[in-house]
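If you want the building blocks of each chain, they are given just below.
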Amino acid sequence: MKSADVANKFTDQDIDRIIQMAWEDRTPFEAIEFQFGLKEKEVIEFMRLNSKESSFRMWRKRMGGRNTKHLQKRVALDPRFKCTLQRSISMNKISKR
């Protein structure tokens, strides 16, 4: 994915939400793919293009051993993946509060 593609495909609000979801521990890559159509490798490239170099390295190090970022690696006893803010978000549309 090229940075020009990202600029045309997503609004600033979408970009902010993808970055937020990527940083959340309990939001799996599958949820990002469902809402925005970005597979794990595309999310990594997206983060590389839309983050400072040091922030990207910190994020990659943090996500490296995280089982909660993959649905298939999760423990079935803890099926949560949404933060409390996502309750009011449906298909990335922020509902009126």
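Note that residues are indexed from 1 along each chain, following the sequence as it is written. This being a predicted model, a pLDDT of at least 70 is required before a residue's local features are given, and a value of 80 or more before pairs of side-chain atoms are given or counted; all residues contribute to the totals for chains, interfaces and linings. Hydrogens and water are ignored here; the side-chain numbers use all heavy atoms of the structure.

1. Here we look at the environment of T27
Phase 1 of the analysis: Strands are runs of DSSP state E lasting at least 2 residues, helices are runs of H or I lasting at least 4, and numbering of each runs from the N terminus. Topologically, T27 is positioned in the loop between helix 2 (12-23) and helix 3 (29-36).
Phase 2 of the analysis: N or O atoms closer than or at 3.5 Å make up a polar contact, with two conditions inside protein: a donor-capable atom paired with an acceptor-capable one, and, for residues adjacent in sequence, both atoms drawn from side chains. Here E24 takes part through its side chain, which lies 2.4 Å from a polar atom of the side chain of T27.

2. Side note on helix 5 (residues 53-63)
Phase 1 of the analysis: The buried label applies to any residue whose accessible area, calculated with a 1.4 Å probe on protein chains only, is under 20% of its type's maximum; exposed applies above 50%, and partly exposed to all values in between. Residues F56, W59 and M63 constitute the buried set of helix 5. End-on view of helix 5: buried residues confined to an arc of 65 degrees, all on one side of the axis. Residues E53, R57, M58 and K61 are exposed on helix 5 and point more than 90 degrees away from its buried face.
Phase 2 of the analysis: Buried positions along helix 5 lie against helix 2, helix 3 and helix 4 (40-50). Within this analysis, the arc is defined by the directions that extend from the helix axis to the C-beta atoms. Throughout, a residue-residue contact means that at least one pair of heavy atoms, one from each residue, lies within 4.5 Å.

3. A few points about the nonpolar core
Phase 1 of the analysis: Formed by 18 residues in total, the largest nonpolar core has its most connected members in I32, L38, V43, F46, M47 and W59.
Phase 2 of the analysis: With five residues, the top contributor of residues to this core is helix 2.
Phase 3 of the analysis: Setting aside residues up to four positions removed in sequence, V43 forms contacts with A22, F29, I32, L38 and W59. What makes a nonpolar core is a set of buried Ala, Val, Leu, Ile, Met, Phe, Trp, Tyr and Cys residues whose side-chain atoms join them at distances within 4.5 Å.

4. Thoughts on the packing of helix 2 against helix 4
Phase 1 of the analysis: It is the contact of helix 2 with helix 4, at a shortest axis distance of 11 Å, that shows an interaxial angle of 115 degrees. In the packing of helix 2 onto helix 4, the handedness of the crossing is left-handed. Contact with helix 2, carried on its side by I15, I18, I19, A22 and W23, involves V43, F46, M47 and N50 of helix 4 and no other residues of that element. Only the stretch in contact is used when a helix axis is fitted, and all axes are lines through C-alpha atoms; the angle between N-to-C directions ranges over 0 to 180 degrees. In a left-handed crossing the near helix is turned counterclockwise from the far helix by less than a right angle, and in a right-handed crossing that turn is clockwise.

5. Points about the packing of aromatic side chains
Phase 1 of the analysis: When two rings of Phe, Tyr or Trp (its six-membered ring) have centres within 6.5 Å they constitute a pair, described as stacked for plane angles under 30 degrees, edge-to-face for angles over 60, and tilted for the intermediate range. All told, the structure shown has three aromatic pairs when counted by the stated rule.
Phase 2 of the analysis: When the ring of F10 is compared with that of F46, the centres are 6.0 Å apart and the planes differ by 90 degrees; the resulting orientation is edge-to-face. In this pair, F10 is assigned in the loop between helix 1 (3-9) and helix 2 and F46 in helix 4, connecting sequence segments 36 residues apart. Here F10 matches F46 in class, with each residue buried.
Phase 3 of the analysis: Look at F56 and W59: their rings are 6.1 Å apart centre to centre, the planes differ by 40 degrees, and that puts the pair in the tilted class. Taken as a pair, F56 and W59 lie in helix 5 at a separation of three residues, close to a single helical turn.
Phase 4 of the analysis: Exposure remark for W59: the relative accessible area of 0% places this residue in the buried category.

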